[in-house]
Every structure is written in C-alpha cells, then in structure tokens.
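Analysis of the macromolecular model
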Amino acid sequence: MHGFSIYLGHPIDKSYIRRMVDLGYKTIFTSVQIPEENDDTKYRYLGELLDFLSNDQLNFMIDINPSLLDHHFYEFLKQYDSAQFIIRIDHSTSIEIVNEIISNDFQCCLNASIISDHLLQHLYQHLNHFNYLCYCHNYYPRPDTGLEAQFVKSQNELISSYNPEANIYGFIVGTTLRGPLFKGLPTIETARYMHTIESAQLLQDINTQHIMIGDPYLNRHNAQQLISFLEKRHFNLSITLLDTQAEDILLKSHTVRPDNPGTLIRSQEARHYCKADIQPLLVTERTLGAITLDNKLNGRYQGELQIIKKVLPPHNNVNVVAQIDTEDIPIINCMRPNDSFEFTINVKESKS
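Looking at an unreviewed UniProt entry, one finds the protein named DUF871 family protein and attributed to Staphylococcus xylosus.

1. Here we look at the overall build of the protein
In terms of helices and strands, the protein carries 10 helices and 15 strands. Judged by the C-alpha coordinates and their principal axes, the protein covers about 75 × 40 × 35 Å. Scored against the burial criterion, the 352 residues of the protein give a buried share of 55%. For the protein, the share of sequence-separated contacts (at least 6 apart) that also reach a separation of at least 24 residues comes to 74%. Total accessible area computed for the protein in this model is approximately 15800 Å², and 50% of it derives from carbon and sulfur atoms. Once the 29 positive and 42 negative side-chain charges of the protein are each reduced to a mean point, those two points are 8 Å apart.

2. Details of a nonpolar patch on the surface
A cluster of nonpolar side chains, contributed by L242, L281 and L282, occupies part of the molecular surface with about 240 Å² of accessible area. With respect to the helices, strands and loops of the structure, L282 is situated in the loop between helix 10 (270–273) and strand 12 (290–294).

3. With respect to the side chain of R178
If you trace the backbone, R178 turns up in the loop between strand 7 (168–172) and helix 7 (196–205). Residue classification places R178 among the buried residues on the basis of a relative accessible area of 16%. Residues contacting R178, with those up to four places away along its chain left out, are Y7, I34, Y139, P141, K183, L185, D215 and P216.

4. Examining the packing of helix 2 (residues 39–52) against helix 3 (residues 71–78)
Remark: helix 2 packs on helix 3, axes separated minimally by 11 Å, with the N-to-C direction vectors making an angle of 25°. Overall, the two elements helix 2 and helix 3 adopt an arrangement that is roughly parallel. Of the residues in helix 3, those touching helix 2 at Y43, L46, G47 and L50 are F73, F76 and L77. Tallied by class, the residues present in the contact of helix 2 with helix 3 amount to six nonpolar, one polar and no charged.

5. Description of the pattern of salt bridges
According to the stated counting rule, one finds 11 salt bridges in the structure shown. In this structure, D63 and R88 form a salt bridge, with 3.0 Å as the shortest nitrogen-oxygen distance. Taken together, the positions of D63 in strand 3 (residues 59–64) and R88 in strand 4 (residues 84–89) put the pair 25 residues apart, joining distant regions of the chain. By the burial criterion, D63 is buried, and R88 matches it. In the salt-bridge network here, residues are joined through shared partners; they are R18, D22 and D56.

6. Observations concerning the packing of aromatic side chains
Overall, the coordinates contain 15 aromatic pairs when judged by the stated rule. In this structure, R178 packs its charged tip against the face of Y7, placed 4.7 Å from the ring centre. Between the NZ or CZ atom of K252 and the centre of the ring of Y273, over which it lies, the distance is 5.7 Å.

7. Examining the packing of helix 7 against helix 8 (residues 220–232)
Where helix 7 meets helix 8, the closest approach of the two axes is 9 Å, and the angle between their N-to-C directions is 30°. Here helix 7 is positioned roughly parallel relative to helix 8, judged by the angle of their axes. Handedness of the crossing formed by helix 7 with helix 8: right-handed. Seen from helix 7, the contacting residues are T196, I197, A200, Q201 and Q204; seen from helix 8, they are N222, Q225, L226, F229 and L230. Of the residues belonging to the contact of helix 7 with helix 8, the class tally is five nonpolar, five polar and no charged.

8. A closer look at the environment of I308
For I308, the location among the structural elements is in strand 13 (residues 305–308). The exposure class assigned to I308 is buried, which follows from its relative accessible area of 0%. Distance in space between the C-alpha atoms of I308 and R286 is 6.7 Å, their sequence separation being 22 residues. Here I308 is in contact with T263, L264, R286, T287, L288, G289, A290, T292 and I332, once residues within four sequence places are set aside.

9. Remarks on the nonpolar core
Judged by nonpolar contacts, the single largest core of 98 residues is most densely connected at F4, Y135, L226, L250, I291, L305 and I307. Setting aside residues up to four positions removed in sequence, L250 forms contacts with I239, L241, I291, L305, V321, A322 and F343. Grouped together as the second largest cluster of nonpolar side chains are 13 residues, I34, C109, C136 and L185 included.

10. Let's talk about helix 2
Compared with an ideal rise of 1.5 Å per residue, which puts 14 residues at 20 Å, helix 2 spans 21 Å between its outermost C-alpha atoms and is within 8% of the ideal. All buried positions along helix 2 are accounted for by T41, K42, Y45, L46, G47, L49 and L50. Among the structural elements, helix 1 (14–23), strand 2 (27–31), strand 3, helix 3 and strand 4 are those in contact with the buried residues of helix 2.

11. Quick notes on the UniProt feature "domain: 6-phospho-N-acetylmuramidase C-terminal" (unreviewed entry) in the protein
Mapped onto the present numbering, the UniProt feature "domain: 6-phospho-N-acetylmuramidase C-terminal" (unreviewed entry) falls on residues 243–343. Taken end to end, residues 243–343 is 8% helix and 25% strand, and its two terminal C-alpha atoms sit 14 Å from one another.

12. Structural notes on the environment of Q204
Topologically, Q204 is positioned in helix 7. Taking the relative accessible area as the measure of exposure, Q204 reaches 26% and is therefore partly exposed. Sequence separation between Q204 and K153 is 51 residues; the distance between their C-alpha atoms is 9.8 Å. The contacts of Q204, once residues within four sequence positions are left out, are H2, Q209, I211, F229, L230 and R233.

Calculation criteria
- Per chain, residue numbering runs from 1 following the sequence as it is written.
- Where local features are concerned, this predicted model is filtered to residues with pLDDT of at least 70; where side-chain atom pairs are given and counted, the filter is 80 or more; whole-chain, interface and lining totals use all residues.
- Only heavy atoms go into the side-chain values, all of them from the structure, while hydrogens and water stay out.
- Counting from the N terminus, the helices are the DSSP runs of H or I reaching at least four residues and the strands are the DSSP runs of E reaching at least two.
- Only protein chains enter the accessibility calculation, which uses a 1.4 Å probe; a residue whose area is less than 20% of its type maximum is buried, one above 50% is exposed, and one in between is partly exposed.
- In this analysis, two residues are considered to be in contact whenever any of their non-hydrogen atoms come within 4.5 Å of each other.
- Residue exposure ignores everything except the shown protein chains as possible cover, and the areas themselves are Shrake-Rupley values with a 1.4 Å probe.
- Neither His nor the chain ends is counted toward charge; the positive residues are Lys and Arg and the negative residues Asp and Glu.
- Throughout, a charge is located at the NZ atom of Lys, the CZ atom of Arg, the CG atom of Asp or the CD atom of Glu.
- Only residues whose relative accessible area exceeds 30% and that take part in no salt bridge are eligible for patches, with like-charged residues grouped when within 9 Å of each other and nonpolar side chains (Val, Leu, Ile, Met, Phe, Trp, Tyr) grouped when within 5 Å.
- Take a side-chain nitrogen of Lys or Arg and a carboxyl oxygen of Asp or Glu: if they are within 4 Å of each other, that pair is a salt bridge.
- Lines fitted to the C-alpha atoms define the axes, with helices restricted to the stretch that makes contact. Angles between their N-to-C directions range from 0 to 180 degrees.
- If an angle is under 35 degrees, it is roughly parallel; if it is over 145, roughly antiparallel; if it lies from 65 to 115, roughly perpendicular; otherwise it is oblique.
- Side-chain classes are defined by residue name, with Ala, Val, Leu, Ile, Met, Phe, Trp, Tyr, Cys and Pro counting as nonpolar, Asp, Glu, Lys and Arg as charged, and the others, Gly among them, as polar.
- Working definition: rings of Phe, Tyr and Trp (its six-membered ring) pair if their centres are within 6.5 Å, and the pair is stacked with planes under 30 degrees apart, edge-to-face with planes over 60 apart, and tilted otherwise.
- In our convention, an over-ring charge means Lys NZ or Arg CZ found within 6 Å of a ring centre and within 35 degrees of that ring's normal.
- Note: crossing handedness is left-handed where the near helix turns anticlockwise from the far helix by less than a right angle, and right-handed where it turns clockwise.
- Throughout, nonpolar core names a set of buried Ala, Val, Leu, Ile, Met, Phe, Trp, Tyr and Cys residues whose side chains join them through atoms within 4.5 Å.
- Every helix has an expected span of 1.5 Å times one less than the residues it contains.
- UniProt positions are given in the numbering used here, feature names are shortened, and annotations may be inferred rather than shown by experiment.

The structure is reproduced here in structure tokens:
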C-alpha cells in the first residue's frame, strides 16, 4: 500500500494527515531514530499520531534501532487495535530479532538497500515465517548518495528470488523537503528532481510495488495526481486552453490507444466525442506538450486528439488547441497503452 511520511520532531500536521488518508494513502512511515529529533517528545508525538488515526485502518511502518525494541514498546503499540504495524529494522538483523517482532504479531520489515544473499538465505532456512517479511529501501537526504536504478532493480530481484510475492517499498521526493539539507528524500538519486509520477513509475518499473513520499509534505495537486496514477493508472494533466472549440472534447475522459505510437499519445475516444465541425485554427508547429485536434479538413479523422511527445511540423489539417503546463510535461512519458487520462484547464494550486 502506498503512503507518506510523518516525522516526530515537531507536532503532527493533522489537516495534512487527514487529507492524505482520505485521498487513499494507506501506509504511514515514521522513525524513532532520527538524531535531530528530541527523545522526550517523539514518543509523545507518535502517540498523538496513533490516537488521531485510531479509527482508520492503516499501516504504520516504524523505523527503529533493534536496541530500542522491548516489552514496553510492543505493549504501547498493541493499544491500537485498528492499526497494522510494520517494524523496520535498519541493521543488526538476526533470527532472534525478527522472530521477536513476528511473535508480537507485528510484521517485520528489512532494509532492502543493504540486504544480502547470505542474510536472505539464512533467514529463509531458519525463520518460521519467512514469507511474512517485507522490505523497504533507504532514502538518501544527501545529494549524490542515492542509489542507481540498476542497483535497486538487482536488490529487488534478489529479494524476489526468495519470495516472488514479497512486498517492497521505496521512497520518492515530496514538495516540502525535510531538513537539515532540504534536498529531498528519494531512494534513487536520479529521481531527486523528477516529477512525483515520473519517479514513482521509475520505482515500479524495477519491481518496487509500494511508493512512499519520503519528505514531510506533498501538496494537494501532486498528491491527487499521484494516488490516481498509483491506484488506477489515470493521469490528470493541467493545461492552458488555446482554442475554445476544443473545450467539450478536452473536458471528457480519454484512454491511450492500445496501439499507441512512440512520438505522440492518441486518444481512443476523441473522434467519437466530436459532434460539430472543427474549423481550421492555430495550425502551428506541434511542440512538446502540445495537444492537437484534427480539424474538418481531415475528413473522418476530425476530432482526433493527440498529445505531442516530439516536435512535429505544422499541418493544415491539425489544430494546436491546448498546451500542457510545464510542470506536468515530464509525466506524458509515463503514459502507456490503455492508461486513462483527463485534462484540467488552468487549475493552479498554491504550493504552501
């Protein structure tokens, strides 16, 4: 299940948490071993977080040093009947620690970024509930220290060789970044400056099933875009309208054709939506992110809608009717055959 992060160095943001949960994010990552956070307050804030969400069916992944695991900690968590707890141990993994976590009815999560074939083999041979394990990659606050996609892929393949159904988590960057460096918290270095959907697609392409926002905040627009993509492979693209005669078609839902070409995205339904002649207008060069409709000069192709991925020359039969907003252009490369998409005209959201 996809999720977001809440850190315990300051009071929890209840409005943000409620919004994310209501959107459909079902896993919350937190840590009780961040050096910058106050030991006297983080457990209090953890209790406030769990109390606030006590009526929701959620997963809580708690990153913790094994030395902090004791009877009192387990009993503290067991108060919350509706929560499913995942205890992530970053290092010092042993059969004894894993069995202790599982025997307390919690799922154990191992560090996918550093796990070895030797450790997996040892756990596979000696652990009573090996398939109950899950795996979560690290995030990397310092630029240039994030992992290469190929390395993450090889780690995921190693894990899957022992359990093809294993649940693997990875992190992407938010829109408000966590200190002290404020450079994002991605698993993969090249994703540090990517659009959230683009970085989520990168992780999914290498068999990371569960996407987590590493940073403490993701704005409403991106959060809605991302969960729609993750749950339905549905894309919502913000656009600037250039030709009002295209508005009715643009405001309907579309599907990427199953036989889609490489240089543009074709709508499967757009021609059927066309109920009136489209007059030739703005027959200009088709640039990256342009949205075009074939006009009446193209006969039975009138109403054909395309999203342009590679610059194409002007054509008298093709109107440039809208332009995808700059921040959303990167995600058109994530759109694949049979994905659905829609447009939102001139909607901007404050990044606060």
